[in-house]
Amino acid sequence: MDVTTQSSAGSALPAGSAPYYLVRFSPQSLRSALGVLFAWFAEMEKLHGISDAGVARTRLQWWRDEIARVRHGDASHPLGREMQAHLAKRILADEALLRIMSATDSHLAAGVLQDEQALAGHLQGTWGELALLLQRMRDVDAPGNLRDCGAYFGAVEILRRLGGEIRQPRPRIPTGTVRRLQTAPVAGHAEIVKLLCDRAERLRPAEPPPRGMAKAMVRLGDARLKEIRRGGTAVLESEMDLTPIRLLWIVWSA
């Protein structure tokens, strides 16, 4: 089954997007499973946009319970049933799923990230753990810096949606930087965007894997970050991304 035609997973993989190509250039036997995992992670990401933290954490607890039901073959959500059908038992039992939910819950509970270190920890616990799971789909050993690859990709993913991110009820940008963006004169915004780009670049692994999805994620981060730097404050006004043909080329060449 082509993952892009599935109702739940397909919505997380819009044609021409980075996740779409990351899945499409994976072995055909893995595409459905990878798409389902991306779709589940997208559900975790949506929780950050719920204005009431209590509601968001209740929804997260529901997903914890649903993952338990999935593991026992008793899923109730359409996406849960797809996870049940397409994810191997070793993936469903992987502690990385729990770590992603735990890192998400920590941010929902705190509401803020105090500094650059806190952001790096959040990214390691969410996007970094996702990268680890994506690699384990292939049933191969994960490179030691795989979480770093995912964290870097996630940092740039948040940065390319910076304008929308700082308007979220719980932005995943250090609280002092959010305050500066909200109060500083417009003339100072370019310097703040540059600072955020520099912080994201510091998360880049020095030696990404020689090939595969993790390498593609790092190369996507590199190309997107270059465009954000070039556009400057434009990222505060509208979401930035590469053209589909550039996304396709980057993923294919990795």
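To be clear, the structure that these remarks concern was listed above.
Predicted model, so just to flag it, every value in this text is computed and none were measured.

(A) Main features of the pattern of salt bridges. For the structure shown, the criterion picks out 24 salt bridges. In this structure, the salt-bridge partner of Glu-116 is Arg-202, at a minimum N-O distance of 3.0 Å. Residue Glu-116 is found in helix H8 (residues 116-136), and its partner Arg-202 is found in helix H12 (residues 189-202); the two are separated by 86 residues along the sequence. Residue class for Arg-202 comes out exposed when judged on its relative accessible area of 54%. One salt bridge connects Glu-227 with Arg-246, and the closest N-O pair in it is separated by 3.2 Å. A residue pair is termed long-range when its members are at least 10 positions apart, and Glu-227 in helix H13 (residues 213-231) and Arg-246 in helix H14 (residues 244-253) qualify at 19 residues. Assessed through its relative accessible area of 35%, Arg-246 is described here as partly exposed. Several salt bridges share partner residues, and in doing so they unite Glu-45, Glu-157, Arg-160, Arg-161, Glu-165, Arg-172, Arg-224, Glu-239 and Asp-241 into one network.

(B) Focus on the environment of Lys-194. Structurally, the position occupied by Lys-194 is in helix H12. For Lys-194, a relative accessible area of 41% translates into the label partly exposed. With 155 residues separating them in the primary sequence, Lys-194 and Ala-39 have C-alpha atoms 31 Å apart.

(C) Spatial organisation of the packing of helix H3 (residues 31-46) against helix H4 (residues 53-71). At their nearest, the axes of H3 and H4 sit 10 Å apart, and the two run at 155° to each other. Taken as axis vectors, H3 and H4 run roughly antiparallel relative to one another. Where H3 crosses over H4, the two elements pack in a sense that is left-handed. For the pair H3 and H4, the contacting residues are Trp-40, Glu-43 and Met-44 in the first and Leu-60, Trp-63 and Ile-67 in the second. The residue makeup of the contact of H3 with H4, split by class, is 5 nonpolar, no polar and 1 charged.

(D) How the structure looks around a nonpolar patch on the surface. Taken together, the side chains of Phe-25, Trp-249 and Trp-252 define a hydrophobic patch exposed on the protein surface, amounting to about 390 Å² of accessible area. Relative to the helices and strands, Trp-249 resides in helix H14. Its relative accessible area of 52% is what places Trp-249 among the exposed residues.

(E) Quick peek at the layout of surface pockets. Estimates place the volume of the largest pocket at around 560 Å³. Lining the largest pocket are 26 residues, and of these Ala-12, Pro-19, Ala-42, Glu-45 and Glu-157 lie nearest its centre. Put simply, the parts of the chain that give the lining of the largest pocket at least two residues each are helix H1 (7-11), helix H2 (18-24), H3 and helix H9 (146-159). Sorting elements by how many residues they give to the lining of the largest pocket places H3 first, with 7 residues. Here the residues of the lining of the largest pocket are counted per class, giving 11 nonpolar, 5 polar and 10 charged. Of the voids in this model, the second largest pocket is the one considered here, and its volume is about 150 Å³.

(F) Broad picture of empty space enclosed by the protein. Under the criterion given, the structure shown has 2 cavities of 30 Å³ or more. Taken as a whole, the largest cavity holds about 150 Å³ of empty space. Around the largest cavity, the lining comprises 14 residues; the ones closest to its centre are Leu-119, Ala-155, Leu-196, Arg-199 and Ala-200. Of all the elements in the fold, those that place two or more residues in the lining of the largest cavity are H8, H9 and H12. Broken down by element, the residue count for the lining of the largest cavity peaks at 4 residues, all from H8. A breakdown of the residues in the lining of the largest cavity according to their chemical character gives 11 nonpolar, no polar and 3 charged. There is about 30 Å³ of room inside the second largest cavity. Considering the residues around the second largest cavity, the lining is formed by Ala-131, Leu-134, Gln-135, Leu-146, Met-213, Ala-214 and Met-217. At the level of secondary structure, the elements contributing two or more residues to the lining of the second largest cavity comprise H8 and H13. Looking at the lining of the second largest cavity residue by residue, the classes come out as 6 nonpolar, 1 polar and no charged.

The rules behind each value
- Residues numbered from 1 in each chain as written.
- Predicted model: local features only at pLDDT ≥ 70, side-chain atom pairs only at ≥ 80, totals over all residues.
- Heavy atoms only, no water.
- Salt bridge = Lys/Arg side-chain N within 4 Å of Asp/Glu carboxyl O.
- Helix = DSSP H or I, 4+ residues; strand = E, 2+ residues; numbered from the N terminus.
- Buried < 20%, exposed > 50% of the residue type's maximum accessible area, 1.4 Å probe, protein only.
- Axes fitted to C-alpha atoms, helices over the stretch in contact; angles between N-to-C directions.
- Parallel < 35°, antiparallel > 145°, perpendicular 65-115°, else oblique.
- Left-handed = near helix turned anticlockwise from the far one by under 90°.
- Contact = heavy atoms within 4.5 Å.
- Nonpolar A, V, L, I, M, F, W, Y, C, P; charged D, E, K, R; others polar.
- Patch = residues over 30% accessible without salt bridge, like charges linked within 9 Å, V, L, I, M, F, W, Y side chains within 5 Å.
- Areas by Shrake-Rupley, 256 points an atom, 1.4 Å probe, with all protein chains shown as cover.
- 1 Å grid on protein atoms, 1.4 Å probe; cavity = no way out; pocket = protein on both sides within 12 Å on 5 of 7 lines; lining within 4 Å.
- Points joined across faces, edges and corners; volume = space filled by probe spheres on them.

Remember that the coordinates give geometry; whether it matters functionally is a separate question.
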